[in-house]
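Here are the chains, one letter per residue:
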Amino acid sequence: MAYTSINSRGLYDPRFEHDACGVGLLVNVKGIKSHRLVEQGLQVLEHMVHRGAEGADPKTGDGAGIMVQVPHEFILLQGIPVPEKGRYGTGLVFMPHNEESQQIILDIFEREALALGLKLMAVRNVPTNNGQLGEVARSAEPAIKQIFVSDEETDDPIEIRLYLLRKSVEKKVRESVEIEGKEDFYVCSLSSRVIVYKGMLSSLQLRYYYPDLMNPRFTTAMALVHSRFSTNTFPTWSLAQPFRMLGHNGEINTIQGNRLWMKARESSLKAESFHGYDITPICQEGMSDSASLDNVLEYFVMAGMSLPHALAMLVPESFNDKNPISSRLKAFYEYHSILMEAWDGPAALLFTDGRYAGGMLDRNGLRPARYLITNNDTVVIASETGVLPLSL
């Protein structure tokens, strides 16, 4: 049976989709890459298997994934002649199985890349092993490609152009009437810094589904993992986390208002860094509350805000007479409350742009997280303790 999206029916409404999940982040604070950190990230994910959910088919998970830094040396060993770090972007793309549809989508990528001074230089068939998947997950399984986009002609920043490329391709595919199975199309990430491996998997299945993750040449200095427990929603491959900057453990109770306000202000948001490109809608349609928050966070970071600044504006901390903060910090929050309403709800948020990484709680602290700094310069943050055996 093939997965189909479900519209509003009875008490169910896709606008109210939420998650309650397990999330973890490991960082080597000196930036030293290793496969050991990938392995530890997968261990953290597997130790949070109780945080993820399964369907009536016990081999079909709600979703699991890992975000790591782009493994440059591993990519070169796959025979892909990428330029130096920072001059190319890569990411996994979910596609329909129809080969004609795949080619149409790749043609769109190529045309839109050229318009931005970029080149679609290679497409890789991502090795996968679906033998362990349940019937439901396998029936919804997309074709998975890894694309490589480069700029070897100029020294212009590439990260923003990769964002514009993804948004442009998403719009073109959504508006196309000739792509069969276009609902399966989804760009997990497209970046020169990070890459996301995810799917409609359980925490224990991720490493075996993507053999790349077990290759000793696959290295990183940062790993963000997520085990999904979807509440009031239906699991899909695209809704697995992490998203492009964020792993979100919780739900956003103000999501309908947040989305409507972002839609309302789209016409007045003009970021100079986008050079007039139309990147609307900012919130990708048909996604979860966590995905919408990730969309908005990504927009503001690409528009020029720092990652901490954007998050402080979107998820401000609580303050009152019993919980005082400095007058300068209070002024910061009051000023930004004019520009952006809070994205409110119980959640622990872990985030990274590939250069910086961190975590924060919702302003009421309803979904606590714990962190630990080891003697070997590793920071571990997770939605609970005991996710990794460590000798301090």
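Values in this document were obtained by computation on a predicted structure and should not be read as measured data.

**Concerning the state of the cysteines**
Next, step 1: Applying the stated criterion across every chain, the model contains zero disulfides.
Next, step 2: Of the cysteine sulfurs around Cys21, a residue in no disulfide, the closest is that of Cys188, at 16 Å.

**A short note on the layout of surface pockets**
Next, step 1: A volume near 300 Å³ is recorded for the second largest pocket.
Next, step 2: Residue lining of the second largest pocket: 18 residues in total, with Val27, Asn28, Gln69, Gly354 and Arg355 positioned closest to the centre.
Next, step 3: Those elements giving two or more residues to the lining of the second largest pocket turn out to be β2 (22-28), β13 (357-361) and β15 (378-382).
Next, step 4: No other element matches β2, which puts three residues into the lining of the second largest pocket.
Next, step 5: Residues that form the lining of the second largest pocket fall into these classes: nine nonpolar, six polar and three charged.

**Notes on the confidence of the model for the protein chain**
Next, step 1: With 91% of its residues at a pLDDT of at least 70, the protein chain reaches an overall mean of 89.
Next, step 2: Note on residues 1-6: pLDDT is under 50 here. Beyond four places in sequence and across chains, it has 11 contacts.

**Describing the pairing of strand β14 (residues 370-373)**
Next, step 1: Here β14 pairs with β15 via four bridges, running antiparallel. When the sheet's bridge partners are listed, Tyr371 is paired in β15 with Ile381.
Next, step 2: Hairpin remark: β14 followed by β15, antiparallel, with four residues in the connecting loop; positive phi at Asp377, about 70°.

**Comments concerning the nonpolar core**
Next, step 1: Residues Phe109, Leu165, Val296, Leu297 and Trp343 are the most contacted members of the largest nonpolar core, which totals 53 residues.
Next, step 2: Top element by residues in this core is helix α8 (residues 289-302). It accounts for seven residues.
Next, step 3: When near neighbours in sequence (up to four residues on either side) are disregarded, Phe109 contacts Val93, Leu120, Ile147, Leu165, Val169, Phe185, Val187 and Leu190.
Next, step 4: Counting residues in each nonpolar core, the second largest holds 51 residues, with Val27, Met48, Ile144 and Phe243 among its members.

**Details of the packing of aromatic side chains**
Next, step 1: For the structure on display, the rule yields 13 aromatic pairs.
Next, step 2: Summarising the aromatic geometry, the rings of Phe74 and Phe218 are spaced 5.2 Å apart at their centres and angled 65° between planes, so their arrangement reads as edge-to-face. You can see Phe74 sitting in helix α2 (residues 72-77) and its partner Phe218 sitting in the loop between α6 (206-209) and β9 (222-227), a full 144 residues away along the chain. Comparing Phe74 with Phe218 shows no difference in burial state: the two are buried.
Next, step 3: Both rings, one in Tyr197 and one in Phe218, keep their centres 5.7 Å apart while their planes meet at 75°; by these two values the pair is edge-to-face.

**Structural notes on the sheet that holds strand β5 (residues 119-125)**
Next, step 1: The antiparallel open sheet is built from four strands, whose spatial order is β5-β6-β4-β7. Strands at the two margins of the open sheet, each flanked by one partner only, are β5 and β7 (186-187).
Next, step 2: In this structure, strand β4 (residues 88-95) lies alongside strand β6 (residues 143-150), joined through eight bridges in antiparallel fashion. Residue Phe94 lies in a different strand from β6, and its bridge partner there is Ile144.
Next, step 3: Each of β4, β5, β6 and β7 is contacted by helix α3 (residues 99-115), which is oriented at about 150° to β5, the strand it contacts most.

Cut-offs applied
Residues numbered from 1 in each chain as written. Predicted model: local features only at pLDDT ≥ 70, side-chain atom pairs only at ≥ 80, totals over all residues. Heavy atoms only, no water. Disulfide = S-S within 2.5 Å. 1 Å grid on protein atoms, 1.4 Å probe; cavity = no way out; pocket = protein on both sides within 12 Å on 5 of 7 lines; lining within 4 Å. Points joined across faces, edges and corners; volume = space filled by probe spheres on them. Helix = DSSP H or I, 4+ residues; strand = E, 2+ residues; numbered from the N terminus. Nonpolar A, V, L, I, M, F, W, Y, C, P; charged D, E, K, R; others polar. pLDDT = per-residue confidence, 0-100. Contact = heavy atoms within 4.5 Å. Pairing = 2+ DSSP bridges. Core = buried A, V, L, I, M, F, W, Y, C linked by side-chain atoms within 4.5 Å. Buried < 20%, exposed > 50% of the residue type's maximum accessible area, 1.4 Å probe, protein only. Phe/Tyr/Trp six-rings, centres within 6.5 Å; stacked < 30°, edge-to-face > 60°. Axes fitted to C-alpha atoms, helices over the stretch in contact; angles between N-to-C directions.

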